[in-house]
Amino acid sequence: MKRLLLLLAAVTLLIPACTPAQRQQAITGRTAQVSYDDLGPAGLVQPILGPRGANPLIVITSGGSDFSSNPRRLNARQAITLLRSNARQLPPTSQNAALLQRMSRAYDRVFSLYNARRAAVLSVPPFYGRGSTAQMRMMMVPPMPTSLY
């Protein structure tokens, strides 16, 4: 019992020592940053994200999407789906080779973020009292392909 109280006291003392940015990072988790141009041709990306604008930075998160914020935020699953859809629509010509390589590198960064979050959710035992974790495990989407092609 004394050890538990000592541990709680230590945690209570350490939390205020974090900066607001560190606390936000601990709560929101990892993010990945990609350029608007890395998601595919503007004609295919514009219906989803809107026009390119002055800031081409897109922040990929595990949370919700917000296209009106600056920089724009996009959910990792939506980003993977968008990249795969755009890659299928591009003809494999020599003109598109550089764009497909950029899209593939962006896919790798987004997939590592998506897979880390998915593995974290699935690694929690279903009986662990974390608030409907078993339901979350059942609703989890199937794994995405590891590469763009």
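Residues numbered from 1 in each chain as written. Predicted model: local features only at pLDDT ≥ 70, side-chain atom pairs only at ≥ 80, totals over all residues. Heavy atoms only, no water.

(A) Quick look at the pattern of salt bridges. This structure, assessed with the given rule, holds three salt bridges. With a closest N to O distance of 3.8 Å, Arg 109 and Asp 38 form a salt bridge. In this pair, Arg 109 is assigned in helix α5 (residues 97-122) and Asp 38 in the loop between β1 (32-35) and α3 (42-49), connecting sequence segments 71 residues apart. Asp 38 sits in the buried class, given a relative accessible area of 13%. (Salt bridge = Lys/Arg side-chain N within 4 Å of Asp/Glu carboxyl O. Helix = DSSP H or I, 4+ residues; strand = E, 2+ residues; numbered from the N terminus. Buried < 20%, exposed > 50% of the residue type's maximum accessible area, 1.4 Å probe, protein only.)

(B) Summary view of the sheet that holds strand β3 (residues 72-75). The strand order across the open sheet built from three strands is β1-β2-β3, with neighbouring strands paired in mixed fashion. Among the strands making up the open sheet, the edge pair consists of β1 and β3. Strand-to-strand twist of the sheet, defined as the mean angle between neighbouring strand axes without regard to direction, takes the value 35°. The pairing of β1 with strand β2 (residues 57-61) spans four bridges and is antiparallel. Residue pairing across strands places Ala 32 opposite Ile 60, the latter belonging to β2. Those strands touched by helix α4 (residues 76-89) are β2 and β3, and its axis lies near 80° from that of β3. Contacts from α5 reach β1 and β2, with the element oriented near 155° to β1. (Pairing = 2+ DSSP bridges. Axes fitted to C-alpha atoms, helices over the stretch in contact; angles between N-to-C directions. Contact = heavy atoms within 4.5 Å.)

(C) Quick peek at the nonpolar core. Among the nonpolar cores identified, the biggest contains 27 residues, and Leu 39, Ile 58, Ile 60 and Met 103 are the most heavily contacted of them. Listed by contribution, the elements that provide at least two residues to this core are β1, α3, β2, α4 and α5. By residue number, the principal contributor to this core is α5, which donates nine residues. In this structure Leu 39 touches Val 34, Val 45, Leu 49, Ile 58, Leu 74, Leu 82, Leu 83, Asn 86 and Met 103, once residues within four positions along its chain are discounted. (Core = buried A, V, L, I, M, F, W, Y, C linked by side-chain atoms within 4.5 Å.)

(D) Representation of the packing of α3 against α4 in the model. In contact at an axis separation of 10 Å, α3 and α4 are set at 150° when each is read in the N-to-C sense. Judged by the inter-axis angle, α3 sits roughly antiparallel to α4. Handedness of the α3/α4 crossing: right-handed. Taken together, the residues of α4 that come into contact with α3 (itself represented by Leu 44, Val 45 and Ile 48) are Leu 82, Asn 86 and Gln 89. A breakdown of the residues in the contact of α3 with α4 according to their chemical character gives four nonpolar, two polar and no charged. (Parallel < 35°, antiparallel > 145°, perpendicular 65-115°, else oblique. Left-handed = near helix turned anticlockwise from the far one by under 90°. Nonpolar A, V, L, I, M, F, W, Y, C, P; charged D, E, K, R; others polar.)

(E) Seen up close, the environment of Pro 143. Positionally, Pro 143 belongs in the segment after α6 (133-139). Under the relative-accessibility criterion, Pro 143 is labelled exposed at 57%. With 28 residues separating them in the primary sequence, Pro 143 and Asn 115 have C-alpha atoms 7.9 Å apart.

(F) Fine view of the packing of α4 against α5. Direction vectors running N to C along α4 and α5 enclose 155°, while the axes themselves pass 10 Å from each other. Relative to α5, the element α4 lies roughly antiparallel. Remark: the crossing between α4 and α5 carries left-handed chirality. Along the contact surface, α4 presents Ala 76, Arg 77, Ala 79, Ile 80, Leu 83, Arg 84, Asn 86 and Ala 87, while α5 presents Leu 100, Met 103, Ala 106, Tyr 107, Val 110, Phe 111, Leu 113 and Tyr 114. Taken together, the residues of the contact of α4 with α5 break down into 13 nonpolar, one polar and two charged.

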